[in-house]
Amino acid sequence: MGSTNGYYDELHIRHPFLMVFFYSGTVWPLVLPYCCFNVFLLTALTVLKNYWNISISILPQGHALMSLLIAYLGVSKVNLAYERYMSAQIATGHAFLILRELHQLSITMTENFENAEAIEWRRDTRQTIIQLVHETVTALRDGKHAAALARNVGYRLGVGIDGSKVLNSRGGIHHYEDPMILVHALRSHLYNESAKILKGGDGVPELQLLERCKMIDLLHEFTVSYRNLVRLASSPLPFVLVQMGRTFIFIWTLTIPLVLTGADFVQEYPSAFFFVILLTYGFLGLEFLSRMLSNPFGDEIKNDLNVRGMGTAAIIGIKEDAGLSEMNNLQGNRSTATNATTGSLRGIVQKRQESIRKSARYARLDSGRKVDAVDEYSANSFKYCEMDESAGNADGFPVVFS
């Protein structure tokens, strides 16, 4: 059987039905014990009926009527869980992308300020945003932590809304574990500290009010996404719905052998064993699937959102943006007298063209033109290679950048 390793691309699976034989990353490890139990129960009931003439069965009509309620509850929970999963994925990606955009904007709006105070301000901004990514990932991966941040003030401060002393088993959550505290500090840093430090002078205009408000607006967009993430991480599906659906589905599934030992299945033992496995896998699989999707943050299963990986990607992008800005400033100072283009946008684009044209999967978009005749500063001034499916790295994926 195959393995998905937490991610799969259906286009890379050779046969459309090969996915049926995958084991890792599916609900089979959770459902298989129940399938074996139902098979064992059906075998025991069959032996009792054939050798001791002891018949234990239930009415198939009542079992069939119960299946209508089971189907409704199962599908409803799966739909709710899938909606939570997709909402969490969108909000997580949006939150980290907004933080990287905020860092880029802080660099762009202040790159003309080259004094020591401005450089220190940009460095503090970058470190604060990176720390905010870390704290956001930590809060999302701990459901109890997120619940305390979302709705139980007493768990954090030791004093409830009614003035009563309430502490959790961990001794309370400290203020530095709340990302909103860091958001407040970053908001003050972007609005107040920038006005004090980035005053302008020597031909450099000061940082305008609208520019500072733009950075505050981006930080507000992050807080909106973070609020949705905390809501999803701290608020599970209603307990009544989960308890009722799970009770019905387990009773219905574990009584399937009692139905298949009736008079209609006396001479159809192979079909009975086949359907007991298929029905157990189908209905219990939906139940376990809804449980997986309803809690997208965590380490329980491979289908969880890779929040840590998304946060790591955001931090790497932020550091690359900072390194590129510092390199451009250094090379820009060196090229002032020589009028070189290395530190400009044109130089960056040319370097990326040279790198991306080495990718084996990059297709030339202007196949009808001769690139040799294009002028020096055209975006298509390099001979892009045609798409070649055979080349790539050791994992089978293309090396986009060298």
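Predicted model only: the values in this text are computed from it and were never measured.

> Just checking my understanding: could you explain unusual backbone geometry for this structure?
Trans is the prevailing form of peptide bonds, just as negative phi is the prevailing case for residues other than glycine. Phi angles above zero are rare outside glycine, and Asn 53 is one such case at about 55 degrees. With respect to the helices, strands and loops of the structure, Asn 53 is situated in the loop between α1 (28–51) and α2 (60–110). For Asn 53, a relative accessible area of 68% puts it in the exposed group.

> Whenever I open this one, the pattern of salt bridges confuses me. Can you help?
Pairs can form between side chains of opposite charge once their charged atoms are near each other. Counting across every chain of the model gives four salt bridges. Its salt-bridge partner being Glu 287, residue Lys 77 comes within 2.6 Å of it at the nearest N-O pair. Of the two residues, Lys 77 sits in helix α2 while Glu 287 sits in helix α10 (residues 269–294), which places them 210 residues apart along the sequence. The buried category is assigned to Lys 77, whose relative accessible area is 2%. Of the residues examined, Glu 287 reaches a relative accessible area of 4% and is grouped as buried. With its nearest N and O atoms 2.8 Å apart, the salt bridge here joins Glu 287 to Arg 246. Here Arg 246 lies in helix α8 (residues 239–254) and Glu 287 lies in helix α10, a separation of 41 residues in the sequence. The exposure class of Arg 246 is partly exposed, given its relative accessible area of 31%.

> It is not clear to me how the packing of α2 against α8 should be interpreted in this structure. Could you clarify?
Axes are the key here: two packed helices are described by the angle between their axes and the distance separating the axes. Across the interface, α2 lies against α8 with an axial gap of 9 Å and an inter-helix angle of 135 degrees. The angle between α2 and α8 falls in the class oblique. Crossing of α2 against α8: the hand is left-handed. Counting all contacts with α2, which are made through His 63, Met 66, Ser 67, Leu 69, Ile 70, Leu 73, Lys 77 and Leu 80, the residues of α8 involved are Leu 241, Val 242, Met 244, Gly 245, Arg 246, Phe 248, Ile 249 and Trp 252. When its residues are assigned to classes, the contact of α2 with α8 shows eleven nonpolar, three polar and two charged.

Each value, and the rule that gives it
- Residues numbered from 1 in each chain as written.
- Predicted model: local features only at pLDDT ≥ 70, side-chain atom pairs only at ≥ 80, totals over all residues.
- Heavy atoms only, no water.
- Helix = DSSP H or I, 4+ residues; strand = E, 2+ residues; numbered from the N terminus.
- Buried < 20%, exposed > 50% of the residue type's maximum accessible area, 1.4 Å probe, protein only.
- Salt bridge = Lys/Arg side-chain N within 4 Å of Asp/Glu carboxyl O.
- Axes fitted to C-alpha atoms, helices over the stretch in contact; angles between N-to-C directions.
- Parallel < 35°, antiparallel > 145°, perpendicular 65-115°, else oblique.
- Left-handed = near helix turned anticlockwise from the far one by under 90°.
- Contact = heavy atoms within 4.5 Å.
- Nonpolar A, V, L, I, M, F, W, Y, C, P; charged D, E, K, R; others polar.

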